[in-house]
Amino acid sequence: MAFNQPAPEVIAWLTANGWTPSRDIGERAVELVEVRVRDAERQGVALSPSPAAIRVIHAYGLLRLTHPKAAGETWVMKPTLGYEGDAALIRELASGLGVGLFPVGYEESERGLILVDETGRWFHLHHTGGYFLGADEYDAFSRFLSGAEAPDAEGYFV
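Residues numbered from 1 in each chain as written. Predicted model: local features only at pLDDT ≥ 70, side-chain atom pairs only at ≥ 80, totals over all residues. Heavy atoms only, no water.

> Can you break down the overall build of the protein chain residue by residue, with the values?
The helix and strand inventory of the protein chain stands at five helices and six strands. Along the protein chain, helices (α) and strands (β) appear in the sequence α-α-α-β-β-α-β-β-β-β-α when read from the amino end. A globule of 158 residues ought to have a C-alpha radius of gyration of about 15 Å, and the protein chain, at 14 Å, matches this closely. Each of the three principal axes of the protein chain carries a C-alpha extent, and together these read 40 × 35 × 30 Å. Nonlocal contacts in the protein chain, meaning residues at least 24 apart in sequence, comprise 60% of its contacts between residues at least 6 apart. Considering the protein chain, the positive charge centre built from 13 side chains and the negative charge centre built from 22 side chains are found 5 Å apart. (Helix = DSSP H or I, 4+ residues; strand = E, 2+ residues; numbered from the N terminus. Rg over C-alpha atoms; globule rule 2.2 N^0.38 Å. Contact = heavy atoms within 4.5 Å. Lys, Arg positive; Asp, Glu negative; His and termini not counted. Charge placed at Lys NZ, Arg CZ, Asp CG, Glu CD.)

Rendered as structure tokens:
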């Protein structure tokens, strides 16, 4: 998949939050993925990380991406946060989309999960439903920074 080029303001924001273009958290990413896979298995659901999700965790894992203008709006790029029953909800959303999903982080204020599908698209699993965040990380980050409303994920169902 070809990725969008990041806007300069996205690069500046990511850099201010500790990211670099060559960032890779290495073995720590593998550990985070394993923790999440095991938790899903404990819940009786198999979640398989796609190469796209693994790439995101390697590049952005463990970052706190705080919105520069909206106090309290932060994406925490840690896939291990979850709640009882979340794996089944992830699987249900993935079924509607017709493609696997894997958590890469969460939004801090309400603990909604940030998910990446097999094609690199970003989604948000909130207690009110599923939402589309972007076609790739740069699109998702740009939409987050602009305050764009996330459309319902059902518009992306197969």
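Now that the structure has been shown, the text picks up again.
> Talk me through helix α3 (residues 51-60); I want residue IDs and the actual numbers.
Most of α3 sits out of view: seven of its ten residues are buried. Burial in α3 covers these residues: A52, A53, V56, I57, H58, A59 and Y60. In this structure, the buried side of α3 is in contact with α1 (8-16), α2 (27-42), β3 (101-107), β4 (112-117), β5 (122-126) and α5 (137-146). (Buried < 20%, exposed > 50% of the residue type's maximum accessible area, 1.4 Å probe, protein only.)

> Any chance you could break down the pairing of β4 for me, citing the residues and the numbers?
A regular strand carries its side chains on alternate faces of the sheet. For β4, a buried count of six out of six residues is recorded, marking the element as mostly surrounded by other parts of the structure. With burial as the criterion, each face of β4 is covered, one bearing G112, I114 and V116 and the other bearing L113, L115 and D117. In the sheet, β3 pairs with β4 via six bridges, with the strands oriented antiparallel. For G105, the partnering residue across the bridge sits in β4 and is I114. Between β3 and β4, which pair antiparallel one after the other, the connecting turn spans four residues, and R111 there sits at a positive phi close to 60°. (Pairing = 2+ DSSP bridges.)

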